[in-house]
Amino acid sequence: MSTAPSHPFRTLGIVGTGAMGRGIAQLAAQAGLEVRLYDASSGAVAKAQAFIDNLWTRNVAKGRIDADQHTKYRGRLHEAATLDALADCDIVVEAIVEKLEAKQTLFSELEERLDEKAVLATNTSSLSVTAIASTCRNPERVIGFHFFNPVPLMKIAEVIPGVRTAPEVVEAVEALGQSMGHFTARATDTPGFLVNHAGRAFGTEALRLLGEGIADIATIDRILEDLGGFRMGPFALLDLTGLDVSHAVMESIYHQYYQEPRFRPSPITGQRLTAGLLGRKSGRGFYAYVEGQAQRPALQTPPTSAPLPVWISPENGETRAALAALVSAAGWPLDQGDRPTQESLCLLTPLGEDTTDCALRQGLDPTRCVAVETLSGLDKHRCLMANPATVEEFRNAAWALLSQDGTEVSVLNDSHGFVLQRVIACIVNVGAEIAQQRVADPATIDRAVELGLGYPRGPLAMGDHYGSRRILTILETLLAATGDPRYRPSPWLRRRARLGLPLTTPDPF
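Residues numbered from 1 in each chain as written. Predicted model: local features only at pLDDT ≥ 70, side-chain atom pairs only at ≥ 80, totals over all residues. Heavy atoms only, no water.

*Asks:* Quick question: what am I supposed to make of the packing of aromatic side chains here?
*Replies:* How two aromatic rings sit relative to each other is given by the distance of their centres and the angle of their planes. On inspection of all chains with the given rule, the structure shows 7 aromatic pairs. Clustering of aromatic rings is evident, with ring pairs tying together Phe 202, Phe 230 and Tyr 455. Between the NZ or CZ atom of Arg 22 and the centre of the ring of Phe 51, over which it lies, the distance is 4.1 Å. Above the plane of the ring of Trp 492 lies Arg 496, whose end atom (NZ or CZ) is 3.5 Å from the centre. (Phe/Tyr/Trp six-rings, centres within 6.5 Å; stacked < 30°, edge-to-face > 60°. Lys NZ or Arg CZ within 6 Å of the ring centre and 35° of its normal.)

Below, the structure is given as C-alpha cells:
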C-alpha cells in the first residue's frame, strides 16, 4: 500500500480565498494540514468555508467520504482575521490578484510575521517567481506552487523554483503537492512556466488558419476534435476560457519572450475582445450560445458526381494503398498508370505542402488535382483541399468520393499543411523547444500537458505518434514556403528525427 510523501508542513496559510484559494485549502485540509484562511475582503473567508463545506457535504451524500472524514476536514479550516494570525504557519500560499507589486508587498508583510524557516509560495500563473522574490530578505524560501482551476479536479501542480530558491524548499513543496494527490511538475522560472507555455501553439495556429481564410471556425474545431482527438477544438476552448483571460495570456507570454514568433498572437482575438465577444460568459464568442449550448452550423451536403477515373500520387505507398482501397470500395475506376490520363481525378497526399506546390512539383495538371489529408488516417473525418485552378467538376468528384460511405468531409482552401498538420506540428515543436530549454524533463512535459491541457497525449509523445520525421518535414516545408520563423524546427526535434530517436529521449549527459 502506497503512503503519502513525507513533507515538513503541518500548518498551511492561504491568502486570497477565491476559486484558487478555496481549492488549495480544500486539498490541504484533506491531506491532514491545519489551514488558516485570510482574505482582505470582509466575509470572503466565511463564504469560502461554506463553499468547501458544501462540497464535502455533497461528497458524503455520494459516498465518496464518510461523516467522520467530513468532521475532521471541517475542523482543520480556520479563519485568520489578520495576517498576524498566520504567524504559526509553516507555509503560506498566496492566491491574490495577478499583479507583481501586490504579491511583492504581501510577501514583505509576511516576512515580518512568519518564522524564518516558513515557506512563501505563490500560485501565480504568469509572473516571474524570481521577480516576486526579489524584494524579500530571504528569497531562498520563495517558490511557485501553481494549481489549475478547478483545483480538486485538475490533478497537477507546477512547482517553480526561483533563481535563488533553496533545493530543500523545492523538495518539500513537491512532497506537499503529491500528498494532496496531485502530479507535481517541476519547471524552471520561464514565462508561462510549463503548461501555459506548452499551450501556446493550439490556439494561435488555429487563429492563424482562420485569419488566412483556410477554413471557418466550426470546421477547424471539428477537424481537431475528430482527427486530432482533442476534447474540444481551439475556438470552443477559447470560448470556455474567455477572451478576457486568453488574449491577455497570449500577449503576456509573447512579450515576455521578446516577440518570439512561435507565440505570436492574432489580431482576431483583440478585435473580438473589444467587441465584447468573450465566449460563454457573455453568451457569444466564436460561437453563439443558447441555454449554454454552442450553435454550430451543420456540415455542407456533399455534391453528387458520376464516377471518374482516379489517379493517386505514388509518393507515399501506405497512404496510396489506403486511398486505393477507398476508391475500390466506392466502385470508381482506379487509374494505375505511372502518369494520369487526361480524364482522371488526381488525388495528392502532401506533407506540409499546399495543393498548388504539390501538383506543380510532380508535373501534374493542377485543374484536376485535389489534396487529401492523411496524417491521421481516413477513418474518422476526411479533409480535401483544392487549389485556385482546380475545376469545380473535379473538386466535387473528390468530395463525393470521400463522403460516399457516410464519413464526414471538410473542404479547405489551399494551404501549406492543411489544418491538422499545421496545428499538430506547432504543438510538437513548442513541446520540443521546452525540452531543449530544459524547462522540464520530457516525461514531466508530456504528463503535465495531458493533465493540465487535456490533450490526447503530451507534445513529445504526440510527435512520436505521428512520426518525428513527418513533423520535421511539415515544419521545414512551412518555413521554406512562408519564410515565417514561427515554423523553424526546434533543435531537439531536428536531432531526434534525423537520428531516428523518440522525442521523449532525454539527453544522456
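*Asks:* Sorry, what's going on with the sheet that holds strand β13 (residues 345-348) here?
*Replies:* Paired through backbone hydrogen bonds, the strands of a sheet run either parallel or antiparallel to each other. Here we have 6 strands laid out as an open sheet, ordered β12-β11-β13-β14-β15-β16, and mixed in their pairing. A single partner strand is all that each edge strand has here, and the edge strands are β12 (334-335) and β16 (409-412). Bridge analysis of strand β11 (residues 310-312) against β13 gives 3 bridges, and the strand direction is parallel. Within β13, the position partnered with Trp 311 by the bridge is Cys 346. (Pairing = 2+ DSSP bridges. Helix = DSSP H or I, 4+ residues; strand = E, 2+ residues; numbered from the N terminus.)

*Asks:* It is not clear to me how helix α20 (residues 491-499) should be interpreted in this structure. Could you clarify?
*Replies:* Buried residues of α20: Trp 492, Leu 493, Arg 496 and Ala 497, and no others. The buried residues of α20 occupy an angular sector of 115° when projected down its axis, which confines them to one face. When the buried face of α20 is taken as reference, the exposed residues oriented beyond 90 degrees from it are Arg 498 and Leu 499. On its buried face, α20 is in contact with α16 (420-436), α17 (442-453), α18 (459-466) and α19 (468-482). Structurally, the start of α20 carries an N-cap: the backbone nitrogen of Trp 492 is 3.2 Å from a side-chain oxygen of Ser 490. (Buried < 20%, exposed > 50% of the residue type's maximum accessible area, 1.4 Å probe, protein only. Arc of directions from axis to C-beta. Contact = heavy atoms within 4.5 Å. Polar contact = N/O pair within 3.5 Å; in protein donor to acceptor, adjacent residues only side chain to side chain.)

*Asks:* I keep staring at the pattern of salt bridges and nothing clicks. Help me out?
*Replies:* Should the charged atoms of two oppositely charged side chains come close, the side chains can pair. Across all of its chains, the model carries 28 salt bridges by this definition. A salt bridge links Glu 260 to Arg 488; the shortest N-O distance between them is 2.8 Å. Linking Glu 260 in the loop between α11 (243-256) and α12 (267-274) with Arg 488 in the loop between α19 and α20, this pair joins segments that are 228 residues apart in sequence. Note that Asp 405 and Arg 382 form a salt bridge whose closest N and O atoms lie 2.9 Å from each other. Taken together, the residues Asp 405 in the loop between α15 (392-403) and β16 and Arg 382 in strand β15 (residues 382-385) connect sequence positions 23 residues apart. With a relative accessible area of 42%, Asp 405 lands in the partly exposed category. Connected through shared salt-bridge partners, Glu 205, Arg 208, Glu 212, Arg 264, Arg 422, Asp 484 and Arg 486 make up one network. (Salt bridge = Lys/Arg side-chain N within 4 Å of Asp/Glu carboxyl O.)

*Asks:* Looking at this structure, I do not really get the nonpolar core. What am I missing?
*Replies:* Most often, soluble globular proteins have nonpolar side chains that are buried together. Counting residues in hydrophobic clusters, the biggest one holds 72 residues, and the most contacted among them are Ile 220, Phe 235, Phe 286 and Leu 412. Ranked by residue count, the leading element in this core is α16, at 11 residues. Residues in contact with Leu 412, not counting those within four places in the same chain, are Ile 214, Ala 215, Thr 219, Ile 223, Cys 383, Leu 384, Met 385, Ala 386, Phe 418 and Val 419. (Core = buried A, V, L, I, M, F, W, Y, C linked by side-chain atoms within 4.5 Å.)

*Asks:* Sorry, what's going on with the packing of α16 against α20 here?
*Replies:* For any two helices packed against each other, the geometry comes down to the angle between their axes and how far apart the axes lie. With their axes 7 Å apart at the nearest point, α16 and α20 run at an angle of 100° to one another. Taken as axis vectors, α16 and α20 run roughly perpendicular relative to one another. The residues of α20 that touch α16, namely those facing Asn 429, Ala 432, Glu 433, Ala 435 and Gln 436, are Pro 491, Trp 492, Leu 493 and Arg 495. A breakdown of the residues in the contact of α16 with α20 according to their chemical character gives 5 nonpolar, 2 polar and 2 charged. (Axes fitted to C-alpha atoms, helices over the stretch in contact; angles between N-to-C directions. Parallel < 35°, antiparallel > 145°, perpendicular 65-115°, else oblique. Nonpolar A, V, L, I, M, F, W, Y, C, P; charged D, E, K, R; others polar.)

*Asks:* What is the right way to read α18 from this model?
*Replies:* Helical geometry: 3.6 residues make up each α-helical turn, so side chains three or four residues apart lie on a common side. Within α18, burial applies to Pro 459, Leu 460, Met 462, Gly 463 and Tyr 466. In a view along the axis of α18, the buried residues occupy a sector of 155°, so they form one face of it. Packing partners of the buried residues in α18 comprise α16, α17, α19 and α20. Of the residues flanking the end of α18, it is Gly 467, one or two places downstream, whose phi is positive at about 105°.

*Asks:* Help me understand the sheet that holds strand β7 (residues 156-161) in this model?
*Replies:* Judged by pairing direction, the sheet is mixed, and its 8 strands sit side by side in the order β3-β2-β1-β4-β5-β6-β7-β8 without closing on themselves. One side of each edge strand has no neighbouring strand; the edge strands of this open sheet are β3 (77-79) and β8 (183-186). Each adjacent strand pair in this sheet contributes to an overall mean axis angle of 25°, direction not counted. Where strand β6 (residues 142-147) and β7 come together, 5 bridges link them in antiparallel fashion. Its bridge partner being in β7, Phe 145 is matched across the sheet by Val 159. Lying over the sheet, helix α2 (residues 44-61) contacts β2 (34-38) and β3, oriented at roughly 165° with respect to β3.

Coordinates in, geometry out; function isn't part of it.
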